[in-house]
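Summary of the model geometry
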Amino acid sequence: MAFELPNLPYAHDALVDGGMSKETLEYHHDLHHKAYVDNGNKLIEGTEWADKSMEDIIKGTYNASTVAQNGIFNNISQLWNHNQFWEMMGPSGRDMPSELEATLRDSFGSVDKFKEEFIAAGVGQFGSGWCWLVRDDEGGLKITKTENGVNPLCFGQTALLGCDVWEHSYYIDFRNKRPAYLTNFLDNLVNWENVAMRLANA
Ligand code: MN3
């Protein structure tokens, strides 16, 4: 069965107050994300992956040795990444649940330290990719960065929060200022309730 482009969980202009424009979401969701869906569907058609879950495809094609498998990985992992990304954001003005705040304090020393490390990972990712807050298989929280479409599923980790640092994610609103985009993401865009829910379900 073919994968579908999910609707955004909010209106295209819902994040404007949080610093992400309607134009960014129109390009990023309606065009970039859709292209991953369309290309991914085309590439898996008639292959062993045609009726597999996104998760199985991502784990099964990560670091594969053929160009065809790499193409499937790139598109299906980016499809999955963006499905998570929209859910991880929301209209601004919502507080971090206190349990999550306590967990971040225990893991990183303080919420500010967590933010510093997350931003440093995103800034330090050379070229296209993502930075993540993950829960590893031993239950610890850590911050990682990945290139291109690679994501925490590839390493058996649970994605709690991820930020897209491909230029298409920030060039309309922040031009070349990736650090400002990352700071704004954490301060004004993250849906912390979604992060807390992912942690509770991990
Ligand atoms: Mn993107």
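Cut-offs applied
Sequence order as written defines residue numbering, which begins from 1 separately in each chain. Totals for whole chains, interfaces and linings use all residues, but because this is a predicted model, local features are given only for residues with pLDDT of at least 70 and pairs of side-chain atoms are given and counted only at 80 or more. Processing note: side-chain calculations cover all non-hydrogen atoms of the structure and skip hydrogens and water entirely. A 1.4 Å probe that fits into a set of points on a 1 Å grid over the protein atoms alone but cannot get out defines a cavity; an open set with protein on both sides within 12 Å along at least five of seven lines defines a pocket, and lining residues are those with an atom within 4 Å of a point. Grid points are joined across faces, edges and corners, and a volume is the space filled by probe spheres set on the points. Numbered from the N terminus, helices here are DSSP runs of H or I no shorter than four residues, and strands are runs of E no shorter than two. Polar here means any residue other than Ala, Val, Leu, Ile, Met, Phe, Trp, Tyr, Cys and Pro, which are nonpolar, and Asp, Glu, Lys and Arg, which are charged; Gly is therefore polar. Metal sites are built from N, O and S donor atoms within 2.8 Å, or 3.2 Å for Na, K and Ca, and they leave out water, so they may look incomplete. Relative accessibility under 20% of the residue-type maximum defines a buried residue, over 50% an exposed one, and the middle range a partly exposed one, all with a 1.4 Å probe and only protein chains included. Two aromatic rings from Phe, Tyr or Trp, using only the six-membered ring of Trp, form a pair when their centres are within 6.5 Å; if the ring planes differ by under 30 degrees the pair is stacked, by over 60 it is edge-to-face, and anything between is tilted. To count as a disulfide, a pair of cysteine sulfur atoms needs to be within 2.5 Å. As used throughout, the charge tally considers Lys and Arg to be positive and Asp and Glu to be negative, leaving His and the chain termini uncounted. Only one rule defines a salt bridge in this text: a Lys or Arg side-chain nitrogen within 4 Å of an Asp or Glu carboxyl oxygen. Any pair of nitrogen or oxygen atoms within 3.5 Å is treated as a polar contact; in protein, a donor-acceptor pairing is required on top of that, and neighbouring residues in sequence qualify only through side-chain atoms on both sides. Here a residue-residue contact requires only that any non-hydrogen atoms of the pair lie within 4.5 Å. Strands are treated as partners if at least two bridges between them are detected by DSSP. Between N-to-C directions, angles span 0 to 180 degrees; the directions come from axes that are lines fitted to C-alpha atoms, helices contributing only their stretch in contact.

Before going further, it helps to examine the layout of surface pockets. Over the atoms, a rolling probe the size of a water molecule traces out where space has been left empty. For the largest pocket, the calculated volume is near 170 Å³. Around the largest pocket, the lining residues are Thr61, Tyr62, Asn63, Ala64, Asn70, Phe73, Asn74, Glu147, Asn148 and Val150. When residues of the lining of the largest pocket are assigned to their parent elements, the largest contribution, 3 residues, is made by helix H3 (residues 67–87). Partitioning the lining of the largest pocket into residue classes produces 4 nonpolar, 5 polar and 1 charged.

This part is about the coordination of the manganese ion. The protein atoms donating to the manganese ion are His28 (NE2), His82 (NE2), Asp164 (OD) and His168 (NE2), with metal-donor distances spanning 2.0 to 2.2 Å. Here the donor residues of the manganese ion are spaced in sequence according to H-x53-H-x81-D-x3-H. Pair noted here: His82 is in helix H3 and His168 is in helix H6 (residues 167–174), with a separation of 86 residues, a long-range link. The class for His82 is buried, based on a relative accessible area of 0%. Given a relative accessible area of 16%, His168 falls into the buried group.

Going through the model one piece at a time under the given rule, you end up with 13 aromatic pairs. A centroid spacing of 6.1 Å and a plane angle of 40° characterise the contact between Tyr170 and Tyr171, whose relative ring orientation is tilted. Taking the relative accessible area as the measure of exposure, Tyr170 reaches 3% and is therefore buried. Cluster of aromatic residues (ring-pair linked, three or more members): Phe85, Trp86, Phe108, Phe114, Phe118, Trp130, Trp132, Phe185 and Trp192.

Attention now goes to the state of the cysteines. In protein structure, a disulfide is the covalent linkage between the sulfur atoms of two cysteines. Considering all chains together, one arrives at 0 disulfides under this definition. Left without a disulfide partner, Cys154 is nearest to the cysteine sulfur of Cys131, which lies 16 Å away. Cys163 takes part in no disulfide bond, and the closest cysteine sulfur to it belongs to Cys131, at a distance of 5.0 Å.

The next point concerns the side chain of Asp136. Residue position: Asp136 is located in the loop between strand E1 (129–135) and strand E2 (141–147). Of the side chains with opposite charge, Lys142 comes closest to the buried, unpaired Asp136, at an N-O distance of 4.2 Å. From its side chain, Asp136 meets the backbone nitrogen of Glu138 in a polar contact 3.0 Å long. Non-local contacts of Asp136, meaning those with residues more than four positions away in its chain, are made with Lys142 and Gln157.

Here we come to the sheet that holds E2. Where strands meet in a sheet, backbone hydrogen bonds hold them as pairs that are either parallel or antiparallel. With respect to topology, 3 strands assemble into an open sheet ordered E2-E1-E3, the strand pairing being antiparallel. Two strands lie at the open edges of the sheet, namely E2 and strand E3 (158–164), each paired on one side alone. Here the strands of the sheet are splayed against their neighbours by 25° on average, with no regard to which way each runs. Bridge count between E1 and E2: 7 bridges; the pairing is antiparallel. Opposite Gly129, over in E2, you have Glu147 as the bridge partner. Sitting on the sheet, H3 touches E1 and E3, and the angle it makes with E1 is about 65°. Packing of helix H4 (residues 98–108) onto the sheet brings it into contact with E1 and E2, and relative to E2 it is tilted by some 80°.

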